[in-house]
Structure formats: C-alpha cells, structure tokens
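Residues per chain, in single letters:
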Amino acid sequence: MSATGSPPIVTLLTDFGTADAYVGIMKGVALGVRRDLTLVDLTHDIPPQAVAVGALVLRSAVPFFPAGTVHCAVVDPGVGSARAGIAVVTDAALLVGPDNGLLAPAVAALGGARAVFELAHAALFRQPVSATFHGRDVFAPVAAHLAGGLDPAGLGPQRDRMTPLALPAPIVEADTVRGEVLHVDRFGNLLTNIDRAALAAFRAQSVSVTVDAMSVDGLVTTYADVAPGTLLALLSSWGTLEVAQRDGSAAAQLGVGRGAPVVVRRE
Amino acid sequence: MSATGSPPIVTLLTDFGTADAYVGIMKGVALGVRRDLTLVDLTHDIPPQAVAVGALVLRSAVPFFPAGTVHCAVVDPGVGSARAGIAVVTDAALLVGPDNGLLAPAVAALGGARAVFELAHAALFRQPVSATFHGRDVFAPVAAHLAGGLDPAGLGPQRDRMTPLALPAPIVEADTVRGEVLHVDRFGNLLTNIDRAALAAFRAQSVSVTVDAMSVDGLVTTYADVAPGTLLALLSSWGTLEVAQRDGSAAAQLGVGRGAPVVVRRE
Amino acid sequence: MSATGSPPIVTLLTDFGTADAYVGIMKGVALGVRRDLTLVDLTHDIPPQAVAVGALVLRSAVPFFPAGTVHCAVVDPGVGSARAGIAVVTDAALLVGPDNGLLAPAVAALGGARAVFELAHAALFRQPVSATFHGRDVFAPVAAHLAGGLDPAGLGPQRDRMTPLALPAPIVEADTVRGEVLHVDRFGNLLTNIDRAALAAFRAQSVSVTVDAMSVDGLVTTYADVAPGTLLALLSSWGTLEVAQRDGSAAAQLGVGRGAPVVVRRE
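Since we're looking at a predicted model, the values are computed, not measured. (Residues numbered from 1 in each chain as written. Chains lettered and ligands numbered in written order. Predicted model: local features only at pLDDT ≥ 70, side-chain atom pairs only at ≥ 80, totals over all residues. Heavy atoms only, no water.)

**Some remarks on the relation of the copies chain C and chain A**
In step 1: Note on the copies: chain C fits chain A at an RMSD of 0.0 Å, the axial shift is 0.0 Å, and the rotation between them is 120 degrees. What the superposition gives is, in effect, a three-fold axis relating one chain to the other. Taking C-alpha positions as the reference, the residue of chain C nearest the rotation axis is T38(C), at 4.9 Å.
In step 2: Mapped onto chain A, only 4% of the interface residues of chain C again fall at the interface, so the copies present different surfaces. (Least-squares fit on C-alpha atoms with pLDDT ≥ 70 in both. Contact = heavy atoms within 4.5 Å.)

The following block contains the structure:
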C-alpha cells in the first residue's frame, strides 16, 4: 500500500444512511489518522441492522478492489455489547468491522482468512469510545491505521475464528430446496438465501423455480439465455440464487419483496 | 492531465442507485487501473434506463469541470446487445459510455466532438466481460486508462458519428409548441423536452405557457423576474424550457410530474 | 493545510439532494480552483431550505475533522437576496456559507469565531455569478481557495458578527420546558430544539419527558442506561435533547415526526 506511494484505499459500507452526517464523521476521523486516503463508499443504505444484507453486498464488492484495499464495514446491532471488533487479513485485502458475521462472506470470497485479530489496542481508537458509535471511534480509525501500513498484529490478540454469517438457512429436502428473498436490488432482482451448496444436488438436472408460488423460467446461466421480459433464475455474482427479469424488474413483475418464499424443485 | 502532476478527475453518472455496491465496484475497478484518480459522483439516481434524463443531467454538469476531466456515464438499457461503447474527444473533456444518445447533449455543450472512437480494444477491459455490467467491465477501466493519459486512438476504430439523443420530440405548430415534462428535480422544477430550437419562432414574442392545462406566468429570463411564489417558465441551464416556482416547488404547486403535457402558445 | 503537503479537505453540506448533478457541479468548480482537494460529503439530504436542520447536522460533524478542514455549507433560501456570504475562521477549521444562521452552531462547537469575513472579492467567484446557484458560483470556489491557503482576509471586509441561528425557541417556565422535534434521523432518533441552557435549571433533578403527550423513561446519560426497547431522553452529541429508543426507532414507536411537541417537566 503506502510502500508503493499510491494513496491507500479505504471502502466504507454501513447502515447509517446519508441523510445525517454519520458517514462524513467516520471519514473525518479516518482522515485525521491518515490524510492521503482514497475513501470509497460501497453503500450506506443497508437496511438498519440487516447484517445479512450488508454481508452479501460487501461480498459482492470486495473482489473488484486493488490488492491492499482496507474494507471497513459497520452494520452493528450489537454495538456497546460484548461482541468484539475484528480485523481480518486475507491475501488481497484487509477487512475491519464487528465480529457478527458481517465480514464472513467477503472473507470467503477473498480466499479465506489468513489471520483474525481482535481490536483491543485502545490507543488506536478515538477516545473516549462511545457506547453507540464504534464506526467513528473504533472502526474508522483502525481502518485508517491499517491503510497507513500498521501491522495488524498490533491491533490486539489473534483469534482462531470469526463469527460466521447466520443466514436464515435454506431447507434442503430430497426434491426441493426452500429459501427466501433476502434483498431486492435497484433493478428489482431478487437475491435469495439459496446458495451454491444447497443447489449442488441439482447440478445439471432440470428444475423448476417458484417465488411465492409463481413460476419463473428455470435455472439458466446468464440473462442472455432468455428472451427480454422473461423471468429467470441464476446463480448470481453474490454467490446465491437470484431471480430476475431480463430487461425488467422481477420484484415488480411478481409483486414480491424481502421474505418472499422461493422454492427450487426437481422436475 | 497526468502531465501536470494533478490527480486526474473521473466523474461517474449512472442509473445504478446507491443502495447496492455497483457504483463502488466501478470505482474499485477504475482504481485498479490508476490509483490516483479523483472520483466525482454526478448522480446515480437517474431513473432506471432513462437515457434522456441521464443525458440532460450529464449535459448540465460537464461545463463546470476542469479541462482534461473524463466523464464516464452509464445508462445502458442495451447492455449486452450490439450497441457499441464509445469514447468522445472534445476540446475540454473526454466522455465514455454507451453509444445510445446518452453522451450526445453533453458533447454538444462542450463544443462538439473532435473525434469518436469505438471501444474495441478488449485488452483494456476487465476480463471476462459480462453481458450485464459493462460499467464495471468496460466503461470504468477505459475511463481510468484515459484519465491516466492513454491516447484515445488506442481504444479502437474511429467513427464518423455518434448516436444522437432520441428525445420525445416537441410538436411545433404555427402558434404552439407541445412538449412534456421529462424530469422533476429536487426542488420541484419541471424540465421539459422543449428546446431552444423549438422556441426560436417565438423569440421576443408574447407567449403563454401551460402545464397540464394550468397556466404559469409566461416566459421570463431569470427567477428574479417574478415575485416569490409565482410560477414561471425559463430557458434553463439544461438548454430546455423549465417550469419553476420562485422559492417553491412547481411540481407540488401544480400537482404534476414526469410526462405532464406542456404547451407554449403565441398570445 | 497545504503547508504540510497533505491534500486539503473540503466538506460539503447542502439541501441539493443527490438525484441531480448540483453537488457534482460544485465539486467540479472547486477542483477547477485546486486539483488536489479531498472532498467529503457530510450530507446533501437536508430538507429543502431547512436552515436549522442543516445547522444542527453541520454542528454534529465539524468536531471530528482534522485541523485546517474547510467546511462549505449551503442551505440558502435567501440566495439572490441581500444576505451576505461569509467565511468564519475558528481555531480548528474554516467555514463558508450564507450568513443565515447555518454556520453559527458549528462555529460555537469549534470554540467560537476568531474572525468573520464577508465574501466580497468577486475575482474569487465563478463569473457570471447566477442569482440562483451561489453554491456553484461563490461558496465552492471560495472554499477551494481557502483550502489552498488563501488568507481569509483577502475575501472581503471583516464583520463584527454573524447571524445567529433562529431556532423555534423552547419555552422555559418554572417547572417545564416546552419544545419540539426538529429532525428525525435515520435511526428514528428525535432531535429537539431543547438545548443545554434550557435544561440547566433541571440539572441533577428528577424530570419527566413527554413527546406528543406520551411518556419516555426520563433523562439519562447514555443509551446503555436503559434496557433494550426502552424509550429514553438524553443530551445528544448535537447539543440538544434527543428522544431515542434503545435498539429501536423512537419515531416509529411513538408515531411522531418533525414538529411533535416535547415537554420536560420537573417531577
């Protein structure tokens, strides 16, 4: 990072919204630690305290950043409780956030954790640390220190593991997988909790897919496999089953949203 | 650009929204090409696939950026089809995006195209190029390469022309021009498709203006020509007729939105 | 700032929204003055022309930025009228904006004004200066000049005072303070106009707090003083009384919004 002379990159993902100055405040604190940061917003519109949605959006983004990027993510319903803050070292990036599953899918997408450190070295925090805004007091300054080249081992004790993401699990039966819509994106694509593993038994087999008992056109590889206007299901770049409408909004077409039941059935 | 030692500027305008990480992903890819970019968001809230709105918002912004800025715009309902990607060289800026009319008004506002190149040199793209996200795979990396000083002639073959913007055309008759509201801005100002050319016959003549059959106070030069609370029409910095309320929202006052009919009539 | 070799920081707070390119245009103009700025958005979603909300959000953010930051704030219902533009020098930062009270609470939070200058030196503005968009023509270029090291005395004549913020004043009586909700943040916290001074008489006394005649759990010091789900009132980092629900939304729980009456009563 700094060794190359390039400005270090810190990305930010939160559920803070952009109507208040919370995100700007995190940036002010980070720039107070290190002035030459390139700060990139992933999104701040994660639904409040929706750790699973934040985790999946974070995973969708991390593969596309240069080596050495520090990703700082804060969706943190447990702020002020005993949950730890962690930094995770991967081959290509560093991730900082609460140890509540938020970072886990992104870490997996980056090839897994080489090391996990607990954020325990309070001299790196903004003092006094509030009970309600660790984004400002803990995660932003730690991310800036790491972007500036701080050895992660200086953050605190190493941990054996990090908390996995607790998604509502898909229910896998002999001929069906039952899941649900976790997130609707800007284009009306429906992101589900049905992951690659749940679908493994159906590989190369003919399946039907329904959303709230309405049929879509089956499981395809890319949007271009179907005609415009057709509903389709595919394994998305998010790593889970996505239901979409080519050149349209599946959410609008089907009249469904977050929580809608999704069933994949062997034909 | 880079010759001056200043960090090169890349602006981004899309219809991707900010609730997902799509824009952040474009920035990650661009920074992977060139680490010292200054990235500026114009807006990402163009209504999905509304090329005309994107084109007009882009035109409104480009005159205000320093020479050498690269503008990367993606409102791209034809992604994955045969539509080309292009880069356009103007006196003051470079523009990158799909060849669907999106760039045309901005290019005109910058004095016209000195050269248009097709984006054909795939070695500059992120590989593999997806069928659905050329913002990430084509336009962002090309914009970053151009910002870094790449000769646009290295992008691909030169073209004679670019696709013009297909706006719903105003209907010009002997004593009237009939158009419609294309966009409502944050302040409730109504942007129409009635352009300077359509109004030329009425120059220096007395006209009436109606929106959805409701009268406004006539065509003036600036907001300050009318009293606070008055509805007015003027030729806006967008280059088209705008209906506004001084110190208020014309959209709220008139109860109209996108698509509302607008008529200019010789009195 | 520039003396240290660090890129100078300019923050932006407006009521322009992000659906149009107005904010991007301000950044383009600022970068035209000084290419190496680090531009940080505080928020652009201040309700249109809500000077008091903008002032309080600005105050919430300024203490968290490095020394030398220039804060450029534009919520400006009086644009084009006789209201002056000002720059305010404080110990830790410079502030630029209309002289309508918008900057006053932030200046106080930064320890008060060391000097106030009227923006009168038109050579620093973008010309011609429009009647409607001083963010672009006056405030953004002046902020960039200041970030670049311009002596504020070069902006125009020094002033003895700046316009204070005209908040709807809380009504202080013998045993009660009556105020109202000024702003609801992303988390449903209710920000009121009841400030520290209005509460001074009740210090260390037992009080009850009601919002729209519904009781909350009394005045506490931090969220952690109450059980999850409990409604509470505290003196927030905004400097005024805030009503919140621990791990929830006070706005949703109480069914109230901006303008709701808030009463603090001695028990």
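**Looking at the packing of helix α1 (residues 22-33) of chain A against helix α4 (residues 134-147) of chain A**
All names here are of chain A.
In step 1: Viewed as axis vectors pointing N to C, α1 and α4 meet at an angle of 40 degrees, and their least axial separation amounts to 8 Å. It follows that α1 is oblique to α4 by the angle criterion. Pair α1 / α4 crosses with right-handed handedness. Listed contacts from α4 to I25, M26, V29, A30 and V33 of α1 are G135, R136, A140, P141, A144 and H145.
In step 2: Tallied by class, residues from the contact of α1 with α4 come to eight nonpolar, two polar and one charged. (Axes fitted to C-alpha atoms, helices over the stretch in contact; angles between N-to-C directions. Helix = DSSP H or I, 4+ residues; strand = E, 2+ residues; numbered from the N terminus. Parallel < 35°, antiparallel > 145°, perpendicular 65-115°, else oblique. Left-handed = near helix turned anticlockwise from the far one by under 90°. Nonpolar A, V, L, I, M, F, W, Y, C, P; charged D, E, K, R; others polar.)

**Details of the pattern of salt bridges**
In step 1: Under the defined criterion, the tally for this structure stands at 30 salt bridges over all chains.
In step 2: For E118(B), the salt bridge is made with R159(B), and the minimal N-O distance between the two is 3.2 Å. Of this pair, E118(B) sits in strand β6 (residues 115-118) while R159(B) sits in strand β7 (residues 158-159), placing them 41 residues apart in sequence.
In step 3: Here the salt bridges do not stand alone but share partners, grouping D99(A), E118(A) and R159(A) into one network. (Salt bridge = Lys/Arg side-chain N within 4 Å of Asp/Glu carboxyl O.)

**Regarding helix α2 (residues 51-61) of chain A**
In step 1: Among the eleven residues of α2(A), eleven are classified as buried, and the element is accordingly described as predominantly covered.
In step 2: All of the buried residues along α2(A) are V51(A), A52(A), V53(A), G54(A), A55(A), L56(A), V57(A), L58(A), R59(A), S60(A) and A61(A). (Buried < 20%, exposed > 50% of the residue type's maximum accessible area, 1.4 Å probe, protein only.)

**Re the interface of chain C and chain A**
In step 1: Chain C puts 24 residues into the contact, and the matching count from chain A is 26 residues.
In step 2: With both sides pooled, the region where chain C packs onto chain A buries about 2,100 Å², and carbon together with sulfur makes up 58% of that total.
In step 3: Interface area lost by chain C to chain A is led by F64(C), R186(C) and F187(C), which between them contribute 34%.
In step 4: The tally of links between chain C and chain A comes to ten residue pairs in polar contact (both at pLDDT 80 or more).
In step 5: Taken together, the elements giving at least two residues each to the side of chain C that touches chain A come down to β2 (38-43) and α2 (51-61) of chain C.
In step 6: The biggest single contributor to the side of chain C that touches chain A is β2(C), with five residues.
In step 7: Taken together, the residues that form the side of chain C that touches chain A break down as 14 nonpolar, five polar and five charged. (Buried area = accessible area lost by both parts, 1.4 Å probe. Polar contact = N/O pair within 3.5 Å; in protein donor to acceptor, adjacent residues only side chain to side chain.)

**Thoughts on the confidence of the model for chain A**
In step 1: For chain A, per-residue confidence averages 91 on the pLDDT scale, and 97% of positions sit at 70 or higher.
In step 2: For this predicted complex, the interface score ipTM comes out at 0.88, while the overall pTM is 0.90. (pLDDT = per-residue confidence, 0-100.)

**Considerations on the relation of the copies chain B and chain A**
In step 1: When chain B is fitted to chain A, the best match, at an RMSD of 0.1 Å, comes from turning it 120 degrees and sliding it 0.0 Å along the axis.
In step 2: An asymmetric contact is evident, with only 4% of the interface residues of chain B recurring at the interface of chain A.

**Things to note about the environment of A198(A)**
Residues and elements named next belong to chain A.
In step 1: Summarising the element assignment, A198 is placed in helix α5 (residues 196-199).
In step 2: For A198 and G156, which are 42 residues apart along the polypeptide, the C-alpha to C-alpha distance reads 37 Å.
In step 3: In this view, A198 contacts P170, V172 and V177; residues no more than four positions away in its chain are not counted.

**What to know about the packing of aromatic side chains**
In step 1: For the structure on display, the rule yields 15 aromatic pairs over all chains.
In step 2: Measuring from ring centre to ring centre gives 6.2 Å for F16(C) and Y22(C), while their planes differ by 70 degrees; the resulting arrangement is edge-to-face.
In step 3: Ring pairing ties together the aromatic residues F16(A), Y22(A), F133(A) and F187(C), which thus form one cluster. (Phe/Tyr/Trp six-rings, centres within 6.5 Å; stacked < 30°, edge-to-face > 60°.)

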